[in-house]
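So you can see what is in the structure, the chains are spelled out below.
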Amino acid sequence: MNGGLSSVQHSAFSVSEGDCNRGLGGHIIASMKVQLSHPDRQVEVKGPKRVKDLLRDLNLLPEAHLVIRGDDLVTEDEFLKDEDSVEVRPVISGGSRTVMRDK
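Residues numbered from 1 in each chain as written. Predicted model: local features only at pLDDT ≥ 70, side-chain atom pairs only at ≥ 80, totals over all residues. Heavy atoms only, no water.

K.L.:
Which residues make up the overall build of the chain, and what are the values?
P.N.:
Scanning the chain from N- to C-terminus turns up one helix and 11 strands. Ordered by position in the sequence, the α and β elements of the chain form the string β-β-β-β-β-β-β-α-β-β-β-β. Surface exposure of the chain reaches about 7,500 Å², of which carbon and sulfur atoms provide 51%. (Helix = DSSP H or I, 4+ residues; strand = E, 2+ residues; numbered from the N terminus. Areas by Shrake-Rupley, 256 points an atom, 1.4 Å probe, with all protein chains shown as cover.)

K.L.:
How would you explain the nonpolar core if you had to name every residue and give the values?
P.N.:
Val 34, Leu 36, Leu 54, Leu 58, Val 67 and Val 88 are the most contacted members of the largest nonpolar core, which has 15 residues in total. Every element with two or more residues in this core is listed here: strand 5 (32-36), strand 6 (41-45), helix 1 (51-57) and strand 11 (85-90). (Core = buried A, V, L, I, M, F, W, Y, C linked by side-chain atoms within 4.5 Å. Buried < 20%, exposed > 50% of the residue type's maximum accessible area, 1.4 Å probe, protein only.)

K.L.:
How would you summarise unusual backbone geometry if you had to cite specific residues and measurements?
P.N.:
In the segment running from His 38 into Pro 39, the intervening peptide bond is cis, with an omega of 0°. A cis geometry characterises the amide bond from Gly 47 onward to Pro 48, with omega recorded as -5°. By secondary structure assignment, the location of Pro 48 is in the loop between strand 6 and strand 7 (49-50). Phi angles above zero are rare outside glycine, and His 38 is one such case at about 60°. Positive phi is not limited to glycine here, since Asn 59 has a value of about 60°.

K.L.:
I'd like a description of the pattern of salt bridges, backed by residues and values.
P.N.:
Scanning the model with the defined rule gives nine salt bridges in all. Among the salt bridges present, the one from Lys 33 reaches Glu 44, with a minimum N-O distance of 3.9 Å. In this pair, Lys 33 sits in strand 5 while Glu 44 sits in strand 6, placing the two residues 11 residues apart along the sequence. Owing to a relative accessible area of 24%, Lys 33 belongs among the partly exposed residues under this scheme. (Salt bridge = Lys/Arg side-chain N within 4 Å of Asp/Glu carboxyl O.)

K.L.:
Describe the side chain of Ser 31, with residues and values.
P.N.:
For Ser 31, the position within the fold is in the loop between strand 4 (28-29) and strand 5. Among the polar contacts listed, one links the side chain of Ser 31 to the side chain of Glu 44, at a separation of 3.4 Å. (Polar contact = N/O pair within 3.5 Å; in protein donor to acceptor, adjacent residues only side chain to side chain.)

K.L.:
So what about the pairing of strand 11? Which residues, and what values?
P.N.:
Consecutive side chains along a regular strand alternate between the two faces of the sheet. Both strand 5 and strand 11 contribute to a ladder of four bridges, which runs parallel. Within the sheet, the bridge partner assigned to Val 34 lies in strand 11 and is Val 86. (Pairing = 2+ DSSP bridges.)

Printed below as a string of structure tokens:
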């Protein structure tokens, strides 16, 4: 690890343990922070971009994931900015189990 900052670059985003990305010449490049679960990890993505484009870049299906900014659920057509911090959660659904009782 390089002084606590380690990152893995992948096209539109980087996985990072630090708080920022550094471009050529060591200049700080702002990017939005995206917290994902299953598996739990944080990625930094260059914005601005629509939620649906973020999910596509992360190879996630919009129908199967919720994107939350602060306390607000954001729709797939909303724009996210570099200074945004969002959480992406998988949609998990399950039915109730009907228990049949003998009378």
